[in-house]
Amino acid sequence: MTTQIANPPGTVPYIPDNAPFNAEQRAWLNGFLAGIFSVTQAAPADPPPSLKIAVLYASQSGTAEGLARKVAKELKSKGHVASLASLEGYTPAALAEERYAIFIASTYGEGDPPDVAQPFFQKLCVEHLPRYLDLSYSVLALGDSHYEHFCKFGIDLDNKLAALGAVRIYDRVDCDVDLDEPFAQWKQGLFAELESIVATRPARSAPSSSVTGGNPKSAAAASPTGQGSATYSRESPFYAALVDKRPLTREVSSKQTMHLAFSIADSNLKYEAGDACGVIPQNDRQLVSEIIASLKFSPDAPVQLPKCGTASLCDALTNHLQITRLTRKMIEAYATIGNCQALFDLLVPEQQVQLDKYTWDRGLIDLIHDYPGVLHNPADLVAMLPKLAPRLYSISSSPFAHAGEIHTTIAVVRYRSHDRERGGVCSTLLADRTNTGERRPIYIHPNKKFRLPSAPETPIVMIGPGTGIAPFRAFLHERRALAATGKNWLFFGERSASTDFLYREELESMLAGGHLTRMDTAFSRDQERKIYVQDRMVEQGTQLWNWIDGGANIYVCGDASRMAKDVDAALHRIVETDGGMSRDAAQEYVQTMKDEHRYHRDVY
Ligand SMILES: Cc1cc2nc3c(=O)[nH]c(=O)nc-3n(C[C@H](O)[C@H](O)[C@H](O)COP(=O)(O)OP(=O)(O)OC[C@H]3O[C@@H](n4cnc5c(N)ncnc54)[C@H](O)[C@@H]3O)c2cc1C
Ligand SMILES: NC(=O)c1ccc[n+]([C@@H]2O[C@H](COP(=O)([O-])OP(=O)(O)OC[C@H]3O[C@@H](n4cnc5c(N)ncnc54)[C@H](OP(=O)(O)O)[C@@H]3O)[C@@H](O)[C@H]2O)c1
Ligand SMILES: Cc1cc2nc3c(=O)[nH]c(=O)nc-3n(C[C@H](O)[C@H](O)[C@H](O)COP(=O)(O)O)c2cc1C
């Protein structure tokens with residue numbers, strides 16, 4: 001006898017009552033069939049379609065990388081296949097394989113790509129054929145409008161891709177220092193466009209995984225930083241007590257550079273030599289009071305701050321908003337509120353030089369005095385001011401030598417303009433308005449690109465004039481604490497040996513003890529003709545070439561605007577002259593050093 005399973009179309013089959021099973025067996029079998037068929041029926045006919053999207057970043061100090069990681073994660077959560085990769089090591093050929101690409105790119109130098117992205121962009125720039133006809137893309141450009149070439153690399157990249165036939169999914173957005181809002185706006189617009197692309201595509205099988213690692217570097221990029229400081233961040237900083245504060249320059253010096261140490265003993269903050277320390281600054285309360293008094297506002301007037309909610313005007317101007325520098329946007333807002341023709345005249349493109357001259361050494365207080373009677377309520381003032389950005393300082397300590405502490409080496413910004421003594425917000429906060437024992441909000445800004453060689457026997461050459469010495473003090477202490485056998489050569493420069501020889505005793509003692517193999521100094525103002533670190537490098541060209549040829553890693557830290565470029569030129573010259581190469585070969589040699597992570601720069 002055969003048992004017929006009843007199965008009307010569209011229903012779950014069941015065992016009929018007349019089947020040769022007892023009630024218990026029938027109940028079990030019906031439950032079993034219901035289980036199988038309901039699972040099958042519950043499965044969707046077709047998973048929603050998704051896109052394979054490459055999220056590519058060009059980053060020097062990690063901001064673009066952090067945003068790219070967020071975007072990739074969010075794309076993944078929406079069911080897309082998102083791969084995350086740095087433009088370091090990425091090629092135009094790899095890009096030609098993609099259909100959707102999202103770029104987050106910061107700008108450095110004279111509107112250049114970050115160091116690591118230069119080879120990619122150079123290769124892209126020599127392409128002329130419309131190679132990317134199948135590529136849809138969007139660019140988020142990161143920059144700082146205080147620089148002349150605002151967001152230029154992002155802009156150039158966007159234009160070059162369009163010229164090579166790629167199609168914008170969503171228009172480029174250029175982000176200033178205060179990037180939360182433009183980032184959110186770009187992301188929202190981009191994601192809406194992606195959704196409409198998905199909606200117009202036919203459904204197909206969902207990809208097996210929503211994160212890929214096409215480029216071997218992308219796996220590393222996507223992995224956590226390895227920092228144990230996950231609980232503290234720029235958004236949620238650690239309040240660290242200042243435990244040491246001493247001048248590194250003499251009182252009679254023409255500048256002031258200080259050693260400032262914070263205790264992190266009661267935190268889980270972890271860092272590595274080469275990382276930077278972020279400090280959340282606070283404006284000078286005296287200046288805040290002067291601004292509020294000039295406008296005849298009440299310091300307690302409640303104002304709304306995005307993300308923070310209600311704050312008093314005094315708190316907003318002290319802790320949240322930028323008041324010491326002027327930007328075009330601020331002047332535009334101020335001119336609009338007051339319908340101020342004189343300022344509108346300054347804002348026309350032909351007056352750019354005059355506008356730059358006006359904003360260069362003035363702040364909000366000058367604008368209020370020069371064009372009075374514009375602001376009548378605190379809300380208008382708050383709306384026109386950008387967010388106060390954290391400041392970064394290269395860490396000058398090593399966790400192996402200075403357990404529980406973070407040291408920084410800070411040049412205090414002071415200048416006089418328009419009959420007013422002025423100071424850099426953060427450097428004067430720490431130098432003038434923070435006593436030892438007081439706490440300040442800090443966080444770790446990892447710099448994975450600026451690390452000691454993993455092999456302790458590798459020789460290193462450190463070029464760090466001025467505050468550029470900071471990470472090298474960390475390197476030297478770390479190598480000594482870990483008994484690393486590699487040779488250490490330092491090039492240090494400052495204005496005058498008698499007043500500005502930062503960490504002189506420490507360095508001379510390391511030199512005397514042999515830990516510092518060589519130290520060459522360039523005191524620019526101790527003689528008629530300026531002598532800089534790059535002059536010392538060239539003087540020692542033969543020796544320096546021997547070190548490089550012998551596998552030494554080169555590190556440069558400090559001023560980006562002039563020093564880093566001149567040092568780079570000197571390095572090329574040494575490779576060419578002392579290494580006996582043609583100009584092109586020397587160029588290639590230095591590029592290979594970068595590619596092999598033997599030439600590192602931390603410049604600002
Ligand atoms: C990765 C990184 C690492 C860094 N490491 C260090 C470090 O180790 N040590 C260190 O000291 N700094 C370091 N900096 C720089 C530091 O972050 C701050 O930019 C610096 O301390 C100035 O900040 P501030 O708030 O004191 O000055 P701000 O309030 O930012 O004022 C500085 C601004 O004042 C204006 N200004 C300055 N002088 C004049 C003048 N004479 N006339 C007119 N305008 C003027 C300029 O617009 C200048 O940009 C680093 C920066 C980066 C990005
Ligand atoms: N843009 C500017 O005009 C300017 C000026 C000062 C400081 N800064 C910034 O202020 C911060 C702190 O500066 P800092 O204390 O670290 O010192 P710094 O101003 O970088 O000076 C350190 C030493 O570097 C010398 N130097 C100047 N130009 C150089 C060049 N092209 N190549 C090599 N060395 C050069 C200086 O000499 P001389 O000063 O004698 O020329 C000084 O001896 C940095 O962020 C720096 O970028 C900027
Ligand atoms: C040394 C230095 C040079 C910079 N040059 C420029 C520039 O020329 N134009 C610009 O728009 N932004 C410039 N910036 C601002 C950076 O592009 C901006 O801070 C960006 O958010 C950094 O992103 P990253 O952390 O991913 O490298 C510069 C920043 C530094 C520290």
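Draft legend 1. Spatial organisation of the overall build of the protein chain. Broken down by element type, the protein chain carries 22 helices and 22 strands. A burial count over the protein chain gives 49% of its 604 residues as buried. The long-range share in the protein chain, meaning contacts at least 24 apart out of those at least 6 apart in sequence, stands at 75%. Looking at the protein chain as shown, the accessible area adds up to about 28900 Å², and 52% of this sits on carbon and sulfur atoms.

Draft legend 2. Representation of the sheet that holds strand 18 (residues 460-463) within the structure. Spatially, 20-19-18-21-22 is the arrangement adopted by the 5 strands of the open sheet, whose pairing is parallel. Strands with a single pairing partner mark the edges of an open sheet, and in this sheet they are strand 20 (518-523) and strand 22 (599-603). Averaged over all pairs of adjacent strands, the angle between their axes in this sheet comes to 10°, without regard to strand direction. Looking at chain direction, strand 19 (residues 488-494) and strand 20 are connected through 6 bridges and run parallel. Bridge pairing in strand 20 places Phe 492 opposite Thr 521.

Draft legend 3. Expanded view of the site of ligand 1. Inspection of the region around ligand 1 gives 19 residues, with Arg 325, Arg 391, Leu 392, Tyr 393 and Ser 427 positioned closest. Between an oxygen atom of ligand 1 and a side-chain N or O atom of Ser 427, the distance comes to 2.5 Å. Compared with its free state, where it exposes 980 Å², ligand 1 has 75% of that area covered by protein. Broken down by secondary-structure element, the contributors of at least two residues to the shell around ligand 1 are strand 13 (391-394), strand 14 (405-411) and helix 15 (425-432). Considering each element in turn, the shell around ligand 1 owes the most residues, 4 residues, to strand 13. For the shell around ligand 1, the class distribution of residues is 10 nonpolar, 5 polar and 4 charged.

Draft legend 4. Fine view of the site of ligand 2. Among the 19 residues in the neighbourhood of ligand 2, the closest are listed as Thr 467, Ser 524, Arg 525, Tyr 532 and Asp 559. Interatomic distance of 2.9 Å between a side-chain N/O atom of Lys 255 and an oxygen atom of ligand 2. Measuring from a nitrogen atom of ligand 2, one finds a side-chain N or O atom of Asp 566 at 2.8 Å. Across the complex, the protein chains shield 75% of the 870 Å² of accessible surface that ligand 2 would expose by itself.

Draft legend 5. Spatial organisation of the sheet that holds strand 14. Pairing within the open sheet is antiparallel, and its 6 strands lie in the order 13-10-17-8-9-14. Pairing within the sheet leaves two strands with one partner each, and these edge strands are strand 13 and strand 14. Each adjacent strand pair in this sheet contributes to an overall mean axis angle of 40°, direction not counted. Two strands pair when backbone bridges link them, and strand 8 (residues 238-247) and strand 9 (residues 257-263) are joined in this way by 6 bridges, in the antiparallel orientation. Within strand 9, the residue paired with Pro 247 across the bridge is Met 258. Each of strand 8, strand 9, strand 10 (276-279), strand 13, strand 14 and strand 17 (439-445) touches helix 15; the most contacted strand, strand 13, lies at about 65° to it.

Draft legend 6. Structural view of the packing of aromatic side chains. Here the structure, examined in full by the defined rule, presents 16 aromatic pairs. Ring centres of Phe 450 and Phe 475 lie 5.7 Å apart, and the angle between their planes is 25°; this geometry places the pair in the stacked category. Remark: Phe 475 occurs in helix 16 (residues 470-481) and Phe 450 occurs in the loop between strand 17 and strand 18; sequence separation between them is 25 residues. Side by side, Phe 450 and Phe 475 carry an identical accessibility label, which is buried. Three or more aromatic residues joined by ring pairs make a cluster, and in this case those are Phe 450, Phe 472, Phe 475 and Tyr 555. Here the basic side chain of Lys 487 rests over the ring of Trp 547, its NZ or CZ set 4.3 Å away from the ring centre.

Draft legend 7. Structural context of unusual backbone geometry. In the Ramachandran plot, Lys 307 falls in the positive-phi region, its phi being about 75° despite a non-glycine side chain. Within the secondary structure, Lys 307 is located in the loop between strand 11 (302-305) and strand 12 (309-312).

Draft legend 8. Representation of helix 21 (residues 563-577) within the structure. The first and last C-alpha atoms of helix 21 sit 21 Å apart over 15 residues, in line with the 21 Å expected at 1.5 Å per residue. Taken together, the buried positions of helix 21 are occupied by Met 563, Ala 564, Val 567, Asp 568, Ala 570, Leu 571, His 572, Ile 574 and Val 575. For helix 21, the elements touching its buried residues are strand 18, helix 19 (533-539), helix 20 (541-549), strand 21 (553-558), helix 22 (583-595) and strand 22.

Draft legend 9. Here's a closer look at the environment of Glu 195. Relative to the helices and strands, Glu 195 resides in helix 6 (residues 180-200). The exposure class assigned to Glu 195 is exposed, which follows from its relative accessible area of 55%.

Draft legend 10. Representation of the pattern of salt bridges within the structure. Here the structure, examined in full by the defined rule, presents 33 salt bridges. With a closest N to O distance of 3.2 Å, Arg 504 and Glu 508 form a salt bridge. Residue Arg 504 and its partner Glu 508 are located together in helix 18 (residues 504-512), separated by 4 residues, close to a single helical turn. Judged by its relative accessible area of 35%, Glu 508 is partly exposed. Arg 518 is paired through a salt bridge with Asp 520; the nearest N and O atoms lie 3.5 Å apart.

Draft legend 11. Looking closely at the side chain of Asn 553. Its place among the elements puts Asn 553 in strand 21. Ignoring anything within four residues of it in the chain, the contact list for Asn 553 reads Pro 453, Thr 458, Pro 459, Ile 460, Val 461, His 597, Arg 598 and His 600.

Draft legend 12. Geometry of the packing of helix 4 (residues 118-125) against helix 5 (residues 152-163). Their axes nearest at 11 Å, the elements helix 4 and helix 5 cross at an angle of 35°. In this structure, helix 4 meets helix 5 at a crossing whose hand is left-handed. Along its contact with helix 4, which presents Phe 120, Phe 121, Leu 124 and Cys 125, the element helix 5 presents Phe 153, Asp 156, Leu 157, Lys 160 and Leu 161.

Draft legend 13. View of the packing of helix 8 (residues 285-295) against helix 9 (residues 313-320). Between helix 8 and helix 9, the least distance of the axes is 10 Å, while the angle of their chain directions is 135°. Relative to helix 9, helix 8 is oriented oblique. Remark: the crossing between helix 8 and helix 9 carries right-handed chirality. Between helix 8, through Arg 285, Val 288, Ile 291 and Ile 292, and helix 9, the contact on the second element is made entirely by Leu 313, Cys 314, Leu 317 and Thr 318. Broken down by class, the residue content of the contact of helix 8 with helix 9 amounts to 6 nonpolar, 1 polar and 1 charged.

Draft legend 14. Up close: helix 5. Its 12 residues place the ends of helix 5 16 Å apart at the C-alpha level, agreeing with the 16 Å of an ideal helix rising 1.5 Å per residue. Every buried residue of helix 5 is listed here: Phe 153, Gly 154, Leu 157, Asp 158, Lys 160 and Leu 161. Count one or two residues on from helix 5 and you reach Gly 165, which has phi positive near 100°.

Draft legend 15. Inspection of the confidence of the model for the protein chain at higher detail. Summary statistics for the protein chain give a mean pLDDT of 89 and a share of 87% for residues scoring 70 or more. In the model, residues 35-45 has pLDDT below 50 throughout and makes 5 contacts with residues more than four positions away in sequence or in other chains. In this model, residues 204-230 is a region of pLDDT below 50 whose contacts with residues beyond four sequence positions or in other chains number 52 contacts.

Thresholds applied
Residues numbered from 1 in each chain as written. Chains lettered and ligands numbered in written order. Predicted model: local features only at pLDDT ≥ 70, side-chain atom pairs only at ≥ 80, totals over all residues. Heavy atoms only, no water. Helix = DSSP H or I, 4+ residues; strand = E, 2+ residues; numbered from the N terminus. Buried < 20%, exposed > 50% of the residue type's maximum accessible area, 1.4 Å probe, protein only. Contact = heavy atoms within 4.5 Å. Areas by Shrake-Rupley, 256 points an atom, 1.4 Å probe, with all protein chains shown as cover. Pairing = 2+ DSSP bridges. Axes fitted to C-alpha atoms, helices over the stretch in contact; angles between N-to-C directions. Near = heavy atom within 4 Å. Polar contact = N/O pair within 3.5 Å; in protein donor to acceptor, adjacent residues only side chain to side chain. Nonpolar A, V, L, I, M, F, W, Y, C, P; charged D, E, K, R; others polar. Phe/Tyr/Trp six-rings, centres within 6.5 Å; stacked < 30°, edge-to-face > 60°. Lys NZ or Arg CZ within 6 Å of the ring centre and 35° of its normal. Expected span 1.5 Å × (residues − 1). Salt bridge = Lys/Arg side-chain N within 4 Å of Asp/Glu carboxyl O. Left-handed = near helix turned anticlockwise from the far one by under 90°. Parallel < 35°, antiparallel > 145°, perpendicular 65-115°, else oblique. pLDDT = per-residue confidence, 0-100.

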